[in-house]
Amino acid sequence: MEEVIHDVLIKYKDQLHLTCKCERCLDDIMAISLNSLRPRYIVNRNNGPYVRAEYEADCQGATNILLTITKAATQVSKDPRCHSIN
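Residues numbered from 1 in each chain as written. Predicted model: local features only at pLDDT ≥ 70, side-chain atom pairs only at ≥ 80, totals over all residues. Heavy atoms only, no water.

So, on to helix α1 (residues 2-12). Within α1 the residues assigned to the buried category are Val4, Ile5, Val8 and Leu9. Each buried residue of α1 lies within a common arc of 125° when the element is viewed along its axis, so the set occupies one face. For α1, the exposed residues set more than 90 degrees away from the buried face come down to Glu2 and Lys11. (Buried < 20%, exposed > 50% of the residue type's maximum accessible area, 1.4 Å probe, protein only. Helix = DSSP H or I, 4+ residues; strand = E, 2+ residues; numbered from the N terminus. Arc of directions from axis to C-beta.)

Here it is, written out as structure tokens:
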């Protein structure tokens, strides 16, 4: 799930209108997003593509991920912990 969130965040970070795009702020967005979504644990990294495919094939799942990331990005942009604006 972490890889899915990371890839979606990187893909849409320009459209999210972030006040800061530093590593700490992106990590905060990822952490908030991961804590908001249902966990998907795997013990074999070779099974990662199956988790990814589940969300990419399911329009509602993909929309839910993007909505969750958008909410987290708004939260972090309002109060960045890095206290710098890039």
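Within the chain, residue pLDDT values average 86, and 88% of them lie at 70 or more. For the chain, the element scoring lowest by mean pLDDT is helix α3 (residues 48-57), at 70; helix α2 (residues 23-36) scores highest, at 96. (pLDDT = per-residue confidence, 0-100.)

In a structure, side chains of opposite charge can pair up when their charged atoms sit close to one another. Scanning all chains against the criterion turns up two salt bridges. Note that Lys21 is salt-bridged to Asp14, the shortest N-O span being 2.9 Å. Taking relative accessible area as the criterion, Lys21 reaches 34% and is therefore assigned partly exposed. One salt bridge in this structure joins Asp28 and Arg81, with 2.9 Å as the shortest N-O distance. One end of the pair, Asp28, is in helix α2; the other, Arg81, is in the segment after α4 (59-78), with 53 residues separating them in the sequence. With a relative accessible area of 12%, Asp28 lands in the buried category. Classification of Arg81 as partly exposed rests on a relative accessible area of 48%. (Salt bridge = Lys/Arg side-chain N within 4 Å of Asp/Glu carboxyl O.)

Turning our attention to the nonpolar core. Ile5, Leu9, Leu16, Leu18, Ile29, Ile65 and Ile69 are the most contacted members of the largest nonpolar core, which has 19 residues in total. It is α4 that provides the largest number of residues to this core, a total of five residues. Excluding its chain neighbours within four sequence positions, the residues that come into contact with Leu18 are Lys13, Leu26, Ile29, Ala73 and Ser77. (Core = buried A, V, L, I, M, F, W, Y, C linked by side-chain atoms within 4.5 Å. Contact = heavy atoms within 4.5 Å.)

So, on to the packing of α1 against α2. Taken N-terminus to C-terminus, the directions of α1 and α2 make an angle of 130°; their axes are 10 Å apart at the nearest point. With respect to their mutual orientation, α1 and α2 come out oblique. Seen from above, α1 lies across α2 with right-handed handedness. Across from Glu2, Ile5, His6 and Leu9 in α1, the residues of α2 making contact are Leu26, Ile29, Met30, Ser33 and Leu34. Of the residues belonging to the contact of α1 with α2, the class tally is six nonpolar, two polar and one charged. (Axes fitted to C-alpha atoms, helices over the stretch in contact; angles between N-to-C directions. Parallel < 35°, antiparallel > 145°, perpendicular 65-115°, else oblique. Left-handed = near helix turned anticlockwise from the far one by under 90°. Nonpolar A, V, L, I, M, F, W, Y, C, P; charged D, E, K, R; others polar.)

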